[in-house]
Amino acid sequence: DAKTTQPPSMDCAEGRAANLPCNHSTISGNEYVYWYRQIHSQGPQYIIHGLKNNETNEMASLIITEDRKSSTLILPHATLRDTAVYYCIGVGGTSYGKLTFGQGTILTVHP
Amino acid sequence: DVKVTQSSRYLVKRTGEKVFLECVQDMDHENMFWYRQDPGLGLRLIYFSYDVKMKEKGDIPEGYSVSREKKERFSLILESASTNQTSMYLCASSSPGTGGRGYGYTFGSGTRLTVV
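All of the points below concern the structure found in this document. Along every chain, residues carry numbers that run from 1 in the direction the sequence is written. Chains and ligands are labelled by the order in which they are written, letters from A for the one and numbers from 1 for the other. Confidence filtering applies because this is a predicted model: local features only for residues at pLDDT of at least 70, side-chain atom pairs given and counted only at 80 or more, and all residues used for totals across whole chains, interfaces and linings. Computation of side-chain values: all heavy atoms of the structure, hydrogens and water removed.

1. Remarks on the overall build of chain B
So the rule is basically this: The numbering of helices and of strands both runs from the N terminus, where a helix is a DSSP run of H or I of at least 4 residues and a strand a run of E of at least 2. With the radius of gyration taken over C-alpha atoms, the globule rule is written as 2.2 Å times the number of residues to the power 0.38. Per-residue and other accessible areas were derived by the Shrake-Rupley procedure at a 1.4 Å probe size, with only the shown protein chains allowed to occlude residues. Residues scored as charged are limited to Lys and Arg (positive) and Asp and Glu (negative), so that His and the chain ends carry no count. All charge positions are set by atom: Lys at NZ, Arg at CZ, Asp at CG, Glu at CD.
The secondary structure content of chain B amounts to zero helices and 11 strands. Along chain B, from the amino end to the carboxyl end, the secondary structure elements read β-β-β-β-β-β-β-β-β-β-β. The C-alpha radius of gyration computed for chain B amounts to 13 Å, which stays within 12% of the reference 13 Å derived for 116 residues, consistent with globular compactness. Taking the principal axes of its C-alpha atoms as reference, chain B extends roughly 40 × 30 × 30 Å. As presented, chain B carries roughly 5600 Å² of accessible surface, and 49% of it is formed by carbon and sulfur atoms. Here chain B carries 16 positive and 14 negative side-chain charges, and the mean point of each set is 4 Å from the other.

Structure, rendered in structure tokens:
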């Protein structure tokens, strides 16, 4: 599975968009990019995933660059409850879906 | 709407005890996973199972074993608990289709185990 690199921390004002970057320059053609988040003392929660195309769901949008070497998770209107650790993970189709978690990005949303 | 249930939220055990951590999912998922999470080390995979009675070692299996007798239940066993196994333990499940497609993992709320 691809190694991913994320900034250790980011801040965002409540109501503004939070843009969380992820670098995955070694990602292979059949690996998906998954995003999870973990709110303090809870299990990680699935947010969104994508392969090549940009994706959007009720929680977030995922923008993947054309060369697939990086992606950005967008929380369009961040709230205080979005304060969490966000993990970007590359998952291959033959790995039984094993997730290898890095250190993630600590997102702090300020009032 | 609970989908992955871990039997205990907090657990305190003594050194040398045999400890069972239970995880049950109601989504008919084939794959189940056990992770532990420690400050500064993140989440690390202990064991996973892709079918009943099947198991595979993860990155840190030493000191642990698992049991998957029924599809919905995946148990983590600490044969002889030690203080360095004090940690948050997280169970997750997924279906094969979510290895690269679908909706990803569903995690339980975690069991915080303290070994004294």
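2. A short note on the state of the cysteines
The line we're drawing: Throughout, a disulfide means two cysteine sulfur atoms within 2.5 Å of one another. Three exposure classes are used, based on accessible area relative to the maximum for each residue type with a 1.4 Å probe and protein chains only: buried under 20%, partly exposed in between, and exposed over 50%.
A full pass over the atoms with the stated rule returns two disulfides over all chains. Covalent S-S linkage joins Cys-23 of chain B and Cys-91 of chain B, the inter-sulfur distance amounting to 1.9 Å. With the S-S bond torsion at -75 degrees, the cross-link from Cys-23 of chain B to Cys-91 of chain B turns out left-handed. One end of the pair, Cys-23 of chain B, is in strand β3 (residues 19-25); the other, Cys-91 of chain B, is in strand β9 (residues 87-94), with 68 residues separating them in the sequence. Residue classification places Cys-23 of chain B among the buried positions, given a relative accessible area of 0%. Since its relative accessible area comes to 0%, Cys-91 of chain B is described here as buried. Free cysteine: Cys-12 of chain A, not disulfide-bonded; nearest cysteine sulfur from Cys-22 of chain A at 18 Å. Judged by relative accessible area, which is 9%, Cys-12 of chain A ranks as buried.

3. Here we look at the sheet that holds strand β6 (residues 61-64) of chain A
As a reminder of what qualifies: If DSSP finds at least two bridges between two strands, the strands pair.
The strand order across the open sheet formed by four strands is β2-β7-β6-β5 (chain A), and the pairing between neighbours is antiparallel. In the strand order of this sheet, the two ends are held by β2 (18-23) and β5 (55-56) of chain A, each with one partner.

4. Notes on the layout of surface pockets
The cut-off we apply is this: Site definitions follow a grid-based scheme: protein atoms alone, a 1 Å grid, a 1.4 Å probe that fits but cannot get out for cavities, and for pockets an open set with protein on both sides within 12 Å along at least five of seven lines, plus lining residues having an atom within 4 Å of a point. Grid points are joined across faces, edges and corners, and a volume is the space filled by probe spheres set on the points. Asp, Glu, Lys and Arg are counted as charged, while Ala, Val, Leu, Ile, Met, Phe, Trp, Tyr, Cys and Pro are counted as nonpolar; the rest, among them Gly, fall into the polar class.
There is about 500 Å³ of room inside the second largest pocket. Gln-38, His-40, Val-85 and Tyr-87 of chain A together with Gln-37 of chain B are the residues nearest the centre of the second largest pocket, which is lined by 22 residues in total. Listed by contribution, the elements that provide at least two residues to the lining of the second largest pocket are β8 (84-92) and β9 (105-110) of chain A together with β4 (31-38) and β9 of chain B. Each residue belonging to the lining of the second largest pocket can be placed in one class, and the counts come to nine nonpolar, 11 polar and two charged.

5. A closer look at the pairing of β3 of chain B
All names here are of chain B. Along β3, the buried face is formed by Val-19, Leu-21, Cys-23 and Gln-25; none of Phe-20, Glu-22 and Val-24, which line the opposite face, is buried. Here β3 runs beside strand β8 (residues 73-78); their pairing, made up of six bridges, is antiparallel. Looking across to β8, one finds that Cys-23 is bridged to Phe-74.

6. Re the sheet that holds strand β1 (residues 4-6) of chain B
Residue and element names in this part refer to chain B. What counts here: Axes here refer to lines fitted to C-alpha atoms; in helices the fit is confined to the stretch in contact. Angles between the N-to-C directions go from 0 to 180 degrees.
Spatially, the four strands line up as an open sheet ordered β1-β3-β8-β7, and their pairing is antiparallel. Each having just a single partner strand, β1 and β7 (64-70) make up the two edges of the open sheet. Neighbour-to-neighbour, the strand axes of the sheet open up by a mean angle of 20 degrees, direction not taken into account. Here β1 pairs with β3 via three bridges, running antiparallel. Considered in β3, the bridge of Val-4 is made with Gln-25.

Note that all results are geometric; they support no functional claim without further evidence.
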